[in-house]
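Coordinate analysis (summary)
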Amino acid sequence: MTQDLIDGFMEAIPLPAVLVDQSERFIAANAAAITLLGANLVGRHFATILRQPNVATAIESCLYERSAKTARHLSNDGAQDTTFEVALRYIPGIGAVNGGAALISLTDITDREQASQMRRDFVANVSHELRTPLTALMGFIETLRGPARDDAPARDRFLTIMQGEANRMNRLVGDLLSLNRVESEERVRPREQLDLGAHLASTLKSLEPVAEAADVQLILEIPEEPTLVTGDPDQLQQVFTNLVENAIKYGGDQVTLRLRTRDRDPAVRAAAVRVEVIDNGTGIDPVHLPRLTERFYRVDTHRSREQGGTGLGLAIVKHIINRHRGRMRVESSAATGTVFTVILPR
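Overview of the structure. Counting restarts for each chain, with residues numbered from 1 along the sequence as it is written. Selection of residues for local features in this predicted model requires a pLDDT of at least 70, selection of side-chain atom pairs for listing and counting requires 80 or more, and totals for whole chains, interfaces and linings are taken over all residues. To get the side-chain values, all heavy atoms of the structure are used, and hydrogens and water are removed first.

A few words on the overall build of the protein chain. Strands here are runs of E lasting at least two residues and helices are runs of H or I lasting at least four, both read from the DSSP assignment and numbered beginning at the N terminus. When helices and strands are counted, the protein chain shows 10 helices and 12 strands. When we talk radius of gyration, it's over C-alpha atoms, and the globule rule is simply 2.2 Å times the number of residues to the 0.38. By the compact-globule yardstick of 20 Å for 346 residues, the protein chain is too spread out, its C-alpha radius of gyration being 29 Å. C-alpha atoms of the protein chain, sized along the principal axes, occupy 90 × 65 × 40 Å. The buried label goes to any residue with under 20% of its type's maximum accessible area, the exposed label to any with over 50%, and the partly exposed label to all in between, with areas taken from a 1.4 Å probe on protein chains only. The burial tally for the protein chain puts 41% of its 346 residues in the buried class. Looking at the protein chain alone, contacts between residues at least 24 apart form 57% of all its contacts between residues at least 6 apart. Methods summary: accessible areas were calculated by the Shrake-Rupley approach with a probe of 1.4 Å, and residue burial reflects only the protein chains presented. Within the structure as shown, the protein chain displays about 19,200 Å² of accessible surface, and the carbon and sulfur contribution to it stands at 51%. Both charge centroids of the protein chain, one from 40 positive and one from 45 negative side chains, sit 3 Å from each other. Here, residues are in contact when the closest pair of their heavy atoms is within 4.5 Å. Residues counted as positive are Lys and Arg, residues counted as negative are Asp and Glu, and His and the chain ends are not counted. Taken as the charge location is NZ of Lys, CZ of Arg, CG of Asp or CD of Glu.

Listed below in structure tokens is the structure:
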């Protein structure tokens, strides 16, 4: 088989692919492999490029045993760690003295690995979040059945704590179900027209008792004329209830809900509305901002749990905004507080 024919077959392979013959040197590489592994591959010993022991062992075994092998190649693209699944197949009759060669193709499985890790982290986090209140409930039940059986004051105190822990589990299960429902609908565009200004006014009205209990002033700034958007009323109410409630719990003594319209917003490249939830609290450390919408991520774990937070609220908000083809921005400083901005196309 001529080198031109080999090169032609290599370029037809849609994955990064190289050929290593019995001399253990590269005899061909397609453009995708050159982009991944670097230029001037042909003629070099494979160990100078594919240095990882499991990959080197797989290549040697494929050439010696003349059988298919698999391995994993770990790399870094400059932004993140990457994982490649390496498939090796023996091809007879080519290469040095027609002794055969190993065709090596690399499949990027980074997304698959990350998704698998996310699932493992999610299960671990849910287990941890449920284990804490369950352990408390089991301990109090054991105490009530034993030492505190006839201690009325202790029994009342324990039952109050148990009710709080049960409510915490109930909130967590509710948020998990809500997150699952939102994720399942994320690719379905909402179709209902609604007046966003009236919707925000209703949301703020429902949160007045919470604000009064926390001694927080609520301010609403909306245009006089109706602001129509296409959206799911229940889900948008969930978004702004969550953001305003967080501002009441963790902000200062004043929360402003401001609605503005734009003929063209660069965030969505179209006419849009911007809803800002502004507090005058101590702000959020910039190190936390990129991770705020991760499931179970908390800036202050102890305070969040005391306030009844599950760590899922902003993850739900992110998925709802994605369903509406919108964007969310967060700006925060110790001097001015925090601003959550939701941008929705009109």
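Within the open sheet, the 5 strands sit side by side as β2-β1-β5-β4-β3. Their pairing is antiparallel. Among the strands making up the open sheet, the edge pair consists of β2 (26-29) and β3 (69-76). With strand direction ignored, the average angle separating the axes of adjacent strands in the sheet is 25 degrees. Along the sheet, helix α1 (residues 3-12) contacts β1 (17-21), β2 and β5 (101-108); its crossing angle with β2, the most-contacted strand, is approximately 50 degrees. Set on the sheet, helix α4 (residues 110-145) makes contact with β3, β4 (81-91) and β5; between it and β4 the angle comes to about 125 degrees. Paired strands are those between which DSSP finds at least two bridges. Axes here mean lines fitted to C-alpha atoms, for a helix over just the part in contact, with angles spanning 0 to 180 degrees between N-to-C directions.

This paragraph deals with the sheet that holds strand β7 (residues 217-221). With mixed pairing, the 5 strands of this open sheet are ordered in space as β7-β9-β10-β12-β11. Strand pairing shows two members of the sheet lacking a second neighbour, β7 and β11 (327-333), which therefore form its edges. Neighbouring strand axes in the sheet, compared pairwise and without regard to direction, differ in orientation by 15 degrees on average. Pairing of strand β10 (residues 270-279) with strand β12 (residues 337-345), which is carried by 7 bridges, proceeds in the antiparallel orientation. When the sheet's bridge partners are listed, Glu276 is paired in β12 with Thr341.

Right, let's get into the layout of surface pockets. Note on definitions: the grid is 1 Å and covers protein atoms alone; a cavity is a set of points where a 1.4 Å probe fits but cannot get out; a pocket is an open set with protein on both sides within 12 Å along at least five of seven lines; lining residues have an atom within 4 Å of a point. Grid points are joined across faces, edges and corners, and a volume is the space filled by probe spheres set on the points. Taken as a whole, the second largest pocket holds about 560 Å³ of empty space. Residue lining of the second largest pocket: 19 residues in total, with Met118, Asp121, Phe122, Glu294 and Arg295 positioned closest to the centre. Mapped by element, the contributors of at least two residues to the lining of the second largest pocket are α4 and α10 (313-323). Take the lining of the second largest pocket: its biggest share by element is 9 residues, from α4. Under the scheme applied here, ten amino acids are nonpolar (Ala, Val, Leu, Ile, Met, Phe, Trp, Tyr, Cys and Pro), four are charged (Asp, Glu, Lys and Arg), and all others, including Gly, are polar. Here the residues of the lining of the second largest pocket are counted per class, giving 7 nonpolar, 5 polar and 7 charged.

The residue Thr48 is located in the loop between α2 (31-37) and α3 (53-65) in this model. Take Thr48: its relative accessible area is 31%, and that puts it in the partly exposed class. For Thr48 and Arg25, which are 23 residues apart along the polypeptide, the C-alpha to C-alpha distance reads 9.6 Å.

Helix span, as expected, comes to 1.5 Å for every residue beyond the first. For helix α5 (residues 152-184), spanning 33 residues, the distance from its first C-alpha to its last is 48 Å, which sits close to the expected 48 Å at 1.5 Å a residue. Turning to α5, its buried residues are Ala154, Phe158, Met162, Glu165, Arg168, Met169, Leu172, Leu176, Ser178, Leu179 and Val182. As used in this structure description, the phrase polar contact means that two N or O atoms lie within 3.5 Å; if the pair is within protein, one of them must be able to donate a hydrogen and the other to accept it, and residues adjacent in sequence are counted only when both atoms belong to side chains. By the N-cap criterion, in which a side-chain oxygen at the helix start approaches the backbone nitrogen of a residue two or three places on, α5 is capped by Asp151, the distance to Ala154 being 3.3 Å.

Below, the discussion takes up the packing of α5 against α10. Orientation of α5 relative to α10, taken along the N-to-C sense of each, is 20 degrees, at an axis distance of 9 Å. Overall, the two elements α5 and α10 adopt an arrangement that is roughly parallel. Note that α5 runs across α10; the crossing there is left-handed. In this structure, α5 uses Asp175, Ser178, Leu179, Val182 and Glu183 to contact α10, whose residues at the interface are Ala315, Ile316, His319 and Ile320. By residue class, the composition of the contact of α5 with α10 is 5 nonpolar, 2 polar and 2 charged. Geometric relationships in this document are graded by angle, where less than 35 degrees denotes roughly parallel, more than 145 denotes roughly antiparallel, 65 to 115 denotes roughly perpendicular, and other angles denote oblique. Handedness of a helix crossing follows the sense of rotation of the near helix relative to the far helix, less than a right angle counterclockwise being left-handed and clockwise being right-handed.

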